[in-house]
Amino acid sequence: MRKRFTESRTYEEAYMIGKQRIDDAIKIYDSYSNRGGGDFIKRPCPFCGCEKYENVESFQNRYGISKCLKCSSLYVNPCPTQEVLNDYYNNYECNTMLEKVYKERAQKPENTILDTRIETIISYINKIAKDNVNILEVGCSNGSFLSRLRKRIQDRGINKDITYIGVDANDNAVKACHDESITLISSTIEDYLESTDTRFDIVWHSELIEHLIDPYNVFKKINYVMNEGGYMIFTTPNSASVEMKNISYNVPRVLACNILPPMHLNAFSTNNIAHFVFRSGFFLVDISTPGQFDVEILEMEKEHLNNKYLLQISKLTEEEKEMVQEILIMGEASSHMQCIVMKEY
């Protein structure tokens, strides 16, 4: 089985970032919880809006985790305020480490995950009938993906006048952009969507919505700034995956779990995403779980597994491992979920 995981980062980098994420999560919680309240807020279910929930296992004996009594989804509750999150994303080491990984990944000539995403976006750009196309990346980091997309479109000779805009709350990441042909804006997503007059035909975001305090409100605002018939393409962790259902969110992980405050606040899944996009005013075009890392992660995290069948994966041949990964993809049981939705026209 080809090792796809290391196309993104080395195993050592993954373990170091995972450990730093937990250290930073504890540090920022302890810092703000000692200020006397107001920095963590109760919220209704971010998926369905229900205010009834039960408490489940907390994260690192600090952050509260709730399970909605209506849709059974998990979410961080009480949730850090935007002030806390701004501090976290701009001043904590784990995010600096991750930016370095993203920048190095973007500079590689080939990357299976990024190239597959780019091909998906291009296929939907080609569905837009008009010649002028506005593309927005929400949570663009340093613009590396948007730049890669722009260069691929240029190389293909696609005959459209395309404007590339990205927005991210991490000011340090935005300042690290080196592509003058794209426009990056340092702002919270909510503030940008409320202030922009631009209307978009393609909106892209990757591993974003699990970070948001109110993803429903953001999706409603995105819907408003999109042109009719425009497409939103996004990815997010799938909490219904085999990997995430069998490895606790409280153990050190090589990739971030669907619950990892103050970063990941909402556990989206193939079970709750359709209702969420309908509620937000979109038509659902497609849901898939095209992840490539599940088998590798299950091998790397085997000390945290209790399922006797999953523990046998490391004993399989490379061909058999490849087959298991494909079965997880086909069964929508991979930990990586991709959704394509359309604004009604």
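Before reading further, recall that the structure is shown in the block above.
Owing to the predicted nature of the structure, the values given are computational and were not obtained by experimental measurement.

A. Region of the structure containing the nonpolar core. Core analysis: the largest hydrophobic core is formed by 34 residues, its most contacted members being Leu136, Ile222, Met232, Phe234 and Ile273. Per element, the largest residue contribution to this core is four residues, and it comes from helix H8 (residues 215–225).

B. Molecular detail of the sheet that holds strand S2 (residues 53–59). With antiparallel pairing, three strands are arranged side by side in an open sheet as S2-S3-S4. Strands with a single pairing partner mark the edges of an open sheet, and in this sheet they are S2 and strand S4 (74–76). Strand-to-strand twist of the sheet, defined as the mean angle between neighbouring strand axes without regard to direction, takes the value 35°. As judged from the five bridges shared by S2 and strand S3 (residues 63–68), these two strands associate in the antiparallel manner. When the bridges of S3 are listed, Asn55 appears paired with Ser66.

C. Examining the pairing of strand S10 (residues 226–237) more closely. Across the twelve residues that make up S10, a large majority, ten, are buried. In this sheet, S10 lies alongside strand S9 (residues 200–206) in parallel orientation, the contact comprising six bridges. Its bridge partner lying in S10, Trp204 is registered against Ile233. With respect to chirality, the unit in which S9 leads through H8 into the neighbouring parallel S10 is right-handed. One ladder, built from seven bridges, connects S10 with strand S12 (residues 336–343); its direction is antiparallel. Note that in S12 the partner of Pro237 across the bridge is His336.

What counts and how
- Residues numbered from 1 in each chain as written.
- Predicted model: local features only at pLDDT ≥ 70, side-chain atom pairs only at ≥ 80, totals over all residues.
- Heavy atoms only, no water.
- Core = buried A, V, L, I, M, F, W, Y, C linked by side-chain atoms within 4.5 Å.
- Buried < 20%, exposed > 50% of the residue type's maximum accessible area, 1.4 Å probe, protein only.
- Helix = DSSP H or I, 4+ residues; strand = E, 2+ residues; numbered from the N terminus.
- Pairing = 2+ DSSP bridges.
- Axes fitted to C-alpha atoms, helices over the stretch in contact; angles between N-to-C directions.
- Right-handed = clockwise from strand over helix to strand, strands pointing away.

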